Amino acid sequence: MRTNTNMREAQIREAQIKEALPKDAPAICKLRRKVWLATYPNAEYNITRDLLIKLFEFTASQTIQHYRDLIAGKAQGFTGDDANNNETQQNYAINCQVTEQIGDIGADEADIEKFWLMEQGKGINKQLIAYASANKRGNVLTTIYVDPYQQGKGIGQRLFAQVEEYLNATLSINLRVVSYNHQAIAFYQKRGFGKIGFQDVDIDKGQIFPSDMMSRPPNAIK
């Protein structure tokens, strides 16, 4: 007889990855908040839970609408002139113009960011446990967020494979990650990413997220 834990793990293994719809934006933002509060408080940089809660409460309705627009393809994201050039891709990653962590797309051309969801349960018990997003024009992996209570079960690996399938395999894949998020950095390093730059991201009146820019060349071993 299977225990509840075994049943939950079986559900995760069987869970399907699906593309997000605009109606999924509230659930995405709820999970995003949960991951931030579990991951990003940091005494060295004076980033407290209270600060993050304040930021989420202040921008809640705007952020949900922003994600609806992103999923619907109405948001803005890329400013490079030549999307199919590796130098352009790297500059794009360093400039962080589509990284969703700061919730500010701010560019001149239509965004083509795509989102994928992984849910657990059925019916009214269905719950979003992870999501990923990527921007094909910038060849940027913008997000892989897994519920803190569901990490270590291969969910991130499955979502990463989905992102790889979507992005251009002939170009470098670029991303940005908070510098003290060592678990995420190790995850990306294991998949061939290396640090190519550094950027401080101002999140609130001089308080910053120190961020590493990472890239994986097209010939990297997967």
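Residues numbered from 1 in each chain as written. Predicted model: local features only at pLDDT ≥ 70, side-chain atom pairs only at ≥ 80, totals over all residues. Heavy atoms only, no water.

**Structural notes on the pattern of salt bridges**
Counted by the stated rule, this structure contains 7 salt bridges. When the shortest N-O distance is used, the salt bridge between Asp24 and Lys23 registers 3.7 Å. Asp24 sits in the buried class, given a relative accessible area of 8%. What makes Lys23 exposed here is its relative accessible area of 60%. Across the salt bridge formed by Lys126 and Glu119, the nearest N and O atoms sit 3.8 Å from each other. Under the relative-accessibility criterion, Lys126 is labelled partly exposed at 43%. (Salt bridge = Lys/Arg side-chain N within 4 Å of Asp/Glu carboxyl O. Buried < 20%, exposed > 50% of the residue type's maximum accessible area, 1.4 Å probe, protein only.)

**Here's the deal with the pairing of strand E5 (residues 127-135)**
With 8 of its 9 residues buried, E5 lies for the most part within the structure. Relative to strand E6 (residues 140-146), E5 runs antiparallel, the two sharing 6 bridges. Within the sheet, the bridge partner assigned to Ala134 lies in E6 and is Leu141. Taking the residues that link successive antiparallel strands as the turn, the E5-E6 hairpin has 4 residues, and the phi of Asn139 there is positive, at about 50 degrees. (Helix = DSSP H or I, 4+ residues; strand = E, 2+ residues; numbered from the N terminus. Pairing = 2+ DSSP bridges.)

**As for the packing of aromatic side chains**
Across all of its chains, the model carries 13 aromatic pairs by this definition. Measuring from centroid to centroid gives 5.6 Å for Tyr131 and Tyr145, while their planes differ by 80 degrees, and the two rings are edge-to-face. In this pair, Tyr131 sits in strand E5 while Tyr145 sits in strand E6, placing the two residues 14 residues apart along the sequence. Of the residues examined, Tyr145 reaches a relative accessible area of 5% and is grouped as buried. These aromatic residues form a ring-pair network of at least three members: Trp36, Tyr40, Phe56 and Phe209. (Phe/Tyr/Trp six-rings, centres within 6.5 Å; stacked < 30°, edge-to-face > 60°.)

**Overview of the packing of helix H2 (residues 25-39) against helix H3 (residues 49-72)**
The interhelical angle for the contact between H2 and H3, taken along N-to-C directions, is 150 degrees, at an axis separation of 9 Å. By the angle class used here, H2 and H3 are roughly antiparallel. The crossing of H2 and H3 is right-handed. In this structure, H2 uses Ala25, Pro26, Ile28, Cys29, Arg32, Arg33, Trp36 and Leu37 to contact H3, whose residues at the interface are Arg49, Leu52, Ile53, Phe56, Thr63, Ile64, Tyr67, Arg68 and Ile71. Within the contact of H2 with H3, the residues separate by chemical class into 12 nonpolar, 1 polar and 4 charged. (Axes fitted to C-alpha atoms, helices over the stretch in contact; angles between N-to-C directions. Parallel < 35°, antiparallel > 145°, perpendicular 65-115°, else oblique. Left-handed = near helix turned anticlockwise from the far one by under 90°. Contact = heavy atoms within 4.5 Å. Nonpolar A, V, L, I, M, F, W, Y, C, P; charged D, E, K, R; others polar.)

**Some thoughts on the environment of Asn174**
Position of Asn174 relative to the elements: it lies in strand E7 (residues 173-178). Sequence-wise, Asn174 and Phe193 are 19 residues apart; in three dimensions their C-alpha atoms are separated by 8.3 Å.

**Topic: the side chain of Asn181**
When you line up the elements, Asn181 lands in the loop between E7 and helix H6 (182-190). Of the residues examined, Asn181 reaches a relative accessible area of 14% and is grouped as buried. When residues no more than four places from it in sequence are discounted, the contact partners of Asn181 are Thr39 and Tyr40.

**Focus on H2**
For H2, which comprises 15 residues, the first-to-last C-alpha distance of 21 Å matches the rise-based estimate of 21 Å (1.5 Å per residue) to within 8%. All of the buried residues along H2 are Ala25, Ile28, Cys29, Leu31, Arg32, Val35, Trp36 and Leu37. Where the residues of H2 are buried, they touch H3, strand E4 (113-120), E5, E6 and strand E9 (207-216). (Expected span 1.5 Å × (residues − 1).)

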